[in-house]
Structure formats: structure tokens, C-alpha cells
Amino acid sequence: MDVEENDELVSVLPIHYSESLSPNLHIHQFPLLTRPLQAPPSAILSGKRINARIKHRSRRIEIHVPVDTRPEVYNVEKSKEFGAGRLEDDREKNQERVDKNREDEDPRVSEVRLRSEEIPRRGVHVLGIVRDGKLHLHPVQETHQLRPTLTYLDILSRKNRRSRGGGSDSDSDDGPPPDPDEVAPVPTTKKEKKAAGDAKEVHVSARKSEDQGGQSGLSTVRREMLQIIRVEEDEKWEDLQFCDVTVSRLQNLHFFLVLISTDQSSVAFESVFSQSDEVLECSTNISTFLKSIDGL
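The notes below deal with the structure included here.

1. Examining the packing of helix 2 (residues 76-92) against helix 3 (residues 152-164)
Step number 1: Remark: helix 2 packs on helix 3, axes separated minimally by 8 Å, with the N-to-C direction vectors making an angle of 105 degrees. By the criterion of interaxial angle, the relationship of helix 2 to helix 3 is roughly perpendicular. Counting all contacts with helix 2, which are made through Glu81, Phe82, Gly85, Arg86, Glu88, Asp89 and Glu92, the residues of helix 3 involved are Tyr152, Leu153, Ile155, Leu156, Arg158 and Lys159.
Step number 2: In terms of residue class, the contact of helix 2 with helix 3 is built from five nonpolar, one polar and seven charged.

Take a look at the structure:
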């Protein structure tokens, strides 16, 4: 924000700082979402709600939003095909959800899964709210961006390649690429048999090559990435309570949204505001502050 020389000072707000919710205050961004995060009215009328789950150690979050299953916008056959792929994908990654009510039904894609990626940050992000003429600040611990996850399409693509190849895996099928640190087997070619008198004894030894052109380092990074993926897949999901919005129907059959007001959300919201009137004193001078800024 640029401040012009003739700008008029409108008001001065006292700043209050609180850390009562740390480290549980996060920012969730939805870069591809063009409307509020809410379930479609048709899904709400059928009793479906938004669900969420988390892997604490991996810092991974998933939000499951019910899809609109009206016949004019929902393809049942495609949903069964995608649902079978998602079910297999969940089993491979050890994240299958047990639902006794749907064990005998055909798997269908009935929800959109939004998966989080934590955004690295520089400095400290804070939440600011103006209330009663005071600016209340609270530090934000993590920032996540959530986008739809479509990993089950990889399962379907793999099956299609196998079916086109007559049941054999193609070169681009699943499975990690070969480790550059591993010694590749030497292909052998058939040669004409030589006379018995030409036979010789040959000693062969294989030695792991040293780092050439960064291959060893690349393999180390690859192994670390695979290890991180395995650890995340082995961690169990924990369900979260998602405070959704509810839909009420008016007499003219239009819909409007009413935010759910729960005791827990009210207490958490009030915790953002500092109740202390203690005056904070800055112990850092301007020179030290400027020197702490990277690249300045």
C-alpha cells in the first residue's frame, strides 16, 4: 500500500496480540474453487455432508465434498467406473474407508476429494481482525492449498494399457524407475559354439560405480522421496469434524445459507481476541530489524 504525502490520517488502532490458538490456527486455500466450499443442495437434502480427515505426522488434510447426483449432471456408469478405480487406489495406498452400509453396493464416486499441500512460508503470517476499534492479531502456524486429487485415474489408465497390450505391462506401466546406483545386469548374446580347446576361465567382478555426474546424489534424493511416500501411506487417517453450512428452504423454494453456530466454534473464535490490556514494549531497534531481512 502506497502512502502519498497528502494522505489524511483517518484513525489510529491499538494492536492486541494473542497466541491462545497456537499451533492450531491454519490457513486453507482453494486455488481452483470458484464458489464457496459447500455441499450441493441436492446432496444436503439427501442427508450428505462434507467430511474431513487428517494425517498429523505427515501434515496432510483431505476434505470430501459430496457431488451433485442429479441425473442431468451425473453419469452413473462413469461414476461406477471411476469408483472401482478409486477403491483399488485406496487399497493400494492403505487408505480404504470402512463403510458397512455400502459393502454390498457398487462403488461409485460420490464425493470430490480435496487434498492439501503445505506451502513453505517465509516470516510469520498473522490473522488480523478489527473489533471495537482494536486490531487483534494471532499468528498462523501453517498454510495449505487444497486441490482435487484424481489418482484413481492412474489405476484406470494402467488397466487400459494392459488391456491394449494383450495382458502384458507396457514400458510406461507402474513401478519406480531403476535405481541409478544399482549395477545393471550385462545382457548376454548367443554366440556360435567354439571348439572345446578354445574354452577359457574368466573371473568377473561387479563394482558399484562412484558418483558420476550426480547420479548417486539423484538416487539418494529419489530414495528419500519414496521413503516419505511410504511413511505417509502407512500413517492412518483420523477423522475430523467439519463445520459445514446448513441449507434452509424458503416458501418460494429458493435456498439460503445459514452458518452453523456451535459452542466450540464460538469459543474458538473468541480465543482469537486478546483479553489482556498489558502494554507490549519492542526490544528491537530499527537497525537490528533491517539487518534481519534477507537480501536487503
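Once you've had a look at it, read on.
2. Things to note about the environment of Glu270
Step number 1: Turning to its location among the elements, Glu270 is positioned in helix 5 (residues 263-271).
Step number 2: Look at Glu270 and you get partly exposed, because its relative accessible area is 36%.
Step number 3: Distance in space between the C-alpha atoms of Glu270 and Ser20 is 9.9 Å, their sequence separation being 250 residues.
Step number 4: Leaving out residues up to four positions away in the same chain, Glu270 has contacts with Arg131 and Gln275.

3. Some words on the sheet that holds strand 4 (residues 60-66)
Step number 1: Here six strands make up an open sheet; going across it, the order is 2-8-5-4-3-9 and the pairing mixed. Two strands lie at the open edges of the sheet, namely strand 2 (26-29) and strand 9 (238-240), each paired on one side alone. Strand after strand, the sheet turns through a mean of 25 degrees between neighbouring axes, direction not considered.
Step number 2: Across five bridges, strand 3 (residues 51-55) lies against strand 4 in antiparallel orientation. What sits directly across from Lys55, in strand 4, is Arg60.

4. What to know about the pattern of salt bridges
Side-chain pairing between opposite charges can occur once the charged atoms of the two side chains come close.
Step number 1: Following the criterion strictly, the structure yields 15 salt bridges and no others.
Step number 2: Between Asp90 and Arg113 there is a salt bridge whose closest N-O contact spans 3.0 Å. Of this pair, Asp90 sits in helix 2 while Arg113 sits in strand 5 (residues 111-118); the two residues are 23 residues apart in sequence, bridging distant segments of the chain.
Step number 3: Across the pair Arg131 and Glu270 runs a salt bridge, and its minimum N-O distance is 3.0 Å. Separated by 139 residues along the polypeptide, Arg131 in strand 6 (residues 125-131) and Glu270 in helix 5 bring together distant segments of the chain.

5. Points about the pairing of strand 6
Step number 1: As defined by bridge partners, strand 6 adjoins strand 7 (residues 134-140) across seven bridges and the pair is classed as antiparallel. By the bridge assignment, Ile129 is partnered in strand 7 with His136.
Step number 2: Between the end of strand 6 and the start of strand 7, which pair antiparallel, lie two residues, with Asp132 showing a positive phi angle near 55 degrees.

6. Thoughts on the side chain of Ser79
Step number 1: On the secondary structure map, Ser79 appears in helix 2.
Step number 2: A relative accessible area of 4% places Ser79 in the buried class.
Step number 3: A polar contact of 3.2 Å, which involves the side chain of Ser79, links it to the side chain of Tyr74.
Step number 4: Ignoring any residue separated from it by four or fewer positions in sequence, one finds Ser79 in contact with Tyr74, Pro107, Arg108 and Val109.

Definitions and cut-offs
- Residues numbered from 1 in each chain as written.
- Predicted model: local features only at pLDDT ≥ 70, side-chain atom pairs only at ≥ 80, totals over all residues.
- Heavy atoms only, no water.
- Axes fitted to C-alpha atoms, helices over the stretch in contact; angles between N-to-C directions.
- Helix = DSSP H or I, 4+ residues; strand = E, 2+ residues; numbered from the N terminus.
- Parallel < 35°, antiparallel > 145°, perpendicular 65-115°, else oblique.
- Contact = heavy atoms within 4.5 Å.
- Nonpolar A, V, L, I, M, F, W, Y, C, P; charged D, E, K, R; others polar.
- Buried < 20%, exposed > 50% of the residue type's maximum accessible area, 1.4 Å probe, protein only.
- Pairing = 2+ DSSP bridges.
- Salt bridge = Lys/Arg side-chain N within 4 Å of Asp/Glu carboxyl O.
- Polar contact = N/O pair within 3.5 Å; in protein donor to acceptor, adjacent residues only side chain to side chain.

Note that all results are geometric; they support no functional claim without further evidence.
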